[in-house]
Amino acid sequence: MTHQYELMVILTPEIDERTVAPSLDKFLKVITNDGGTIDKVDIWGKRRLAYEIQKKTEGIYAVVNFTATSEATQELDRQLKLSEAVMRTKVLRAEEAFAMVAAEAERSAAKAARKAARPAKPVKQDA
């Protein structure tokens, strides 16, 4: 059974940005060899990290959308974690990612509604 997944990879900033796509293709062969498909590869480039990872403050971000079996996805994640060029990975099923985004939007809307429902504070005027 195949599912849609989203993979976020943070690569070490020492590698050349032109070699990011070929490096990812090497890992993504696990998916295509198992009969899966690579839907979209989006390389964001070098970005500042929210916190230091391996004494580094920057990383090269890439997001990959693909369709594959859970076994192929687990193997891809395993191979990425073995690579020294990969600092962090996160694989999400697309349905879960959409659900997380929808839940966050719902929370924001509820917060905005509560804020709008609060009575306005009276403004003091000088006499």
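Whatever comes next refers back to the structure up there.
Rules used in this analysis
Residues numbered from 1 in each chain as written. Predicted model: local features only at pLDDT ≥ 70, side-chain atom pairs only at ≥ 80, totals over all residues. Heavy atoms only, no water. Helix = DSSP H or I, 4+ residues; strand = E, 2+ residues; numbered from the N terminus. Rg over C-alpha atoms; globule rule 2.2 N^0.38 Å. Buried < 20%, exposed > 50% of the residue type's maximum accessible area, 1.4 Å probe, protein only. Contact = heavy atoms within 4.5 Å. Areas by Shrake-Rupley, 256 points an atom, 1.4 Å probe, with all protein chains shown as cover. Pairing = 2+ DSSP bridges. Expected span 1.5 Å × (residues − 1). Arc of directions from axis to C-beta. Core = buried A, V, L, I, M, F, W, Y, C linked by side-chain atoms within 4.5 Å.

Asker: How should the overall build of the protein be read in this particular structure?
Answerer: The secondary structure content of the protein amounts to 3 helices and 4 strands. Counting from the amino terminus, the protein carries its helices and strands in the arrangement β-α-β-β-α-β-α. Since a compact globule built from 127 residues should have a radius of gyration of about 14 Å, the 21 Å found for the protein marks it as more spread out than a globular shape. The C-alpha extent of the protein, read off along each of the three principal axes, is 75 × 40 × 20 Å. Looking at the protein residue by residue over its 127 residues, the buried ones come to 32%. A separation threshold of at least 6 residues defines the contact pool for the protein, and within that pool the share at least 24 residues apart is 73%. Surface accessibility of the protein: about 9,100 Å² in total, with carbon and sulfur atoms responsible for 53%.

Asker: When you look at the pairing of strand β2 (residues 37-53) in this model, what are you seeing that I'm missing?
Answerer: A regular strand carries its side chains on alternate faces of the sheet. Strand direction decides the pairing type here: β2 and strand β3 (residues 56-69), joined by 11 bridges, are antiparallel. Pairing of Arg 48 across the sheet is with Glu 58, part of β3.

Asker: I'm lost on helix α2 (residues 70-82) in this one. Help?
Answerer: Think of an α-helix as turning once every 3.6 residues; residues three or four places apart then point the same way. Helix length check: α2, at 13 residues, gives a terminal C-alpha distance of 19 Å against a target of 18 Å (1.5 Å per residue), a fit within 8%. Listed as buried for α2 are Ala 72, Thr 73, Leu 76, Asp 77 and Leu 80. On an axial view of α2, the arc spanned by its buried residues comes to 140 degrees, and they lie on one face. Opposite its buried face, α2 presents the exposed residues Glu 71, Gln 74, Lys 81 and Leu 82, each directed more than 90 degrees away.

Asker: What should I look at first to understand unusual backbone geometry in this one?
Answerer: Outside of glycine, negative phi angles account for most residues, and trans bonds account for most peptide bonds. You will see that Gln 54, though not glycine, has its phi angle at about 50 degrees, which is positive. Tracing the backbone shows Gln 54 in the loop between β2 and β3. Under the relative-accessibility criterion, Gln 54 is labelled partly exposed at 47%. Even without a glycine there, the phi angle at Lys 55 is positive, about 60 degrees. Within the secondary structure, Lys 55 sits in the loop between β2 and β3. Note on Lys 55: relative accessible area 77%, which makes it exposed.

Asker: Is there a simple way to think about the nonpolar core in this case?
Answerer: In terms of nonpolar packing, the biggest core is built from 18 residues, with Leu 7, Val 9, Leu 24, Phe 66, Leu 76 and Leu 80 touching the most fellow members. Listing elements by their share of this core, those giving two or more residues are β1 (2-11), α1 (20-33), β3 and α2. If we skip the residues at most four places from it in the chain, Leu 80 touches Leu 7, Val 9, Phe 27, Val 86 and Thr 89.

That is the geometry; function is a separate question.
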